[in-house]
Amino acid sequence: MAATLSAYAVANAAHVSQSWAWKARDAGIIHAPYTEEDVIALQVYACVAPLVWPGERRVRSEKHGLELWQSLAVNAAREAMSDPHMCPETVLWVLQDAALLANTAGERAALELDQLAGRTAFRLPLGEWIAQVPKTLAQLPTSRPRKPRPPMSAA
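These notes cover the structure that comes with them. (Residues numbered from 1 in each chain as written. Predicted model: local features only at pLDDT ≥ 70, side-chain atom pairs only at ≥ 80, totals over all residues. Heavy atoms only, no water.)

Overview of the pairing of strand 2 (residues 99-102)
Looking along a regular strand, one sees side chains alternate from face to face of the sheet.
Point 1. By the alternation rule, side chains of strand 2 split into L100 and A102, which are all buried, and A99 and L101, of which none is buried.
Point 2. Pairing analysis gives four bridges linking strand 1 (residues 91-94) to strand 2, with the strands arranged antiparallel. Paired with V91 across the bridge in strand 2 is A102.
Point 3. Counting the residues in the hairpin turn of strand 1 and strand 2 gives four residues. (Buried < 20%, exposed > 50% of the residue type's maximum accessible area, 1.4 Å probe, protein only. Helix = DSSP H or I, 4+ residues; strand = E, 2+ residues; numbered from the N terminus. Pairing = 2+ DSSP bridges.)

A short note on the nonpolar core
Point 1. If you look at the biggest cluster of nonpolar residues, it comprises 39 residues, and the most contacted ones within it are I40, L42, V44, L92, V94 and L126.
Point 2. Within the residue set of this core, elements represented by two or more residues are helix 1 (7-13), helix 2 (18-26), helix 3 (36-48), helix 4 (68-81), strand 1 and helix 6 (126-139).
Point 3. Top element by residues in this core is helix 3. It accounts for eight residues.
Point 4. Excluding residues within four positions of it along the chain, I40 makes contact with A77, M81, L126, W129, I130 and V133.
Point 5. Residues W93, L95, A102 and L111 belong to the second largest nonpolar core, which totals eight residues. (Core = buried A, V, L, I, M, F, W, Y, C linked by side-chain atoms within 4.5 Å. Contact = heavy atoms within 4.5 Å.)

Coordinates in, geometry out; function isn't part of it.
Given below as structure tokens:
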């Protein structure tokens, strides 16, 4: 069973500020109780949320909902967590209409030749990120119990 994490631990393990964890929670990307899977989902979300594809305009002052391609990227990352073929060399290619995983150098080359030719894509080192999660979580400080407050005396 996966360990339950706090939103703070998820944000720290994903190497993003805690405000990204709240944005992801509000967008429905992560849900309590948080797990290692949420670390990767948050890390991918923080990468793809600010992206704007060439030729598109996006007003920064407006609130933007989760787009289909962003949802595809986050879901592909979640699925990669349980993929038996996932390895540190696994990459996630995010396109405007898809999210594609490649686990080996051969798969990456075939994907680049067959599906990416002339298209704009964003490459995420998903396998490296997944491989780093246990080590990163182990290095997070554990919370200490708070000291009990002394009772207030009437003055």
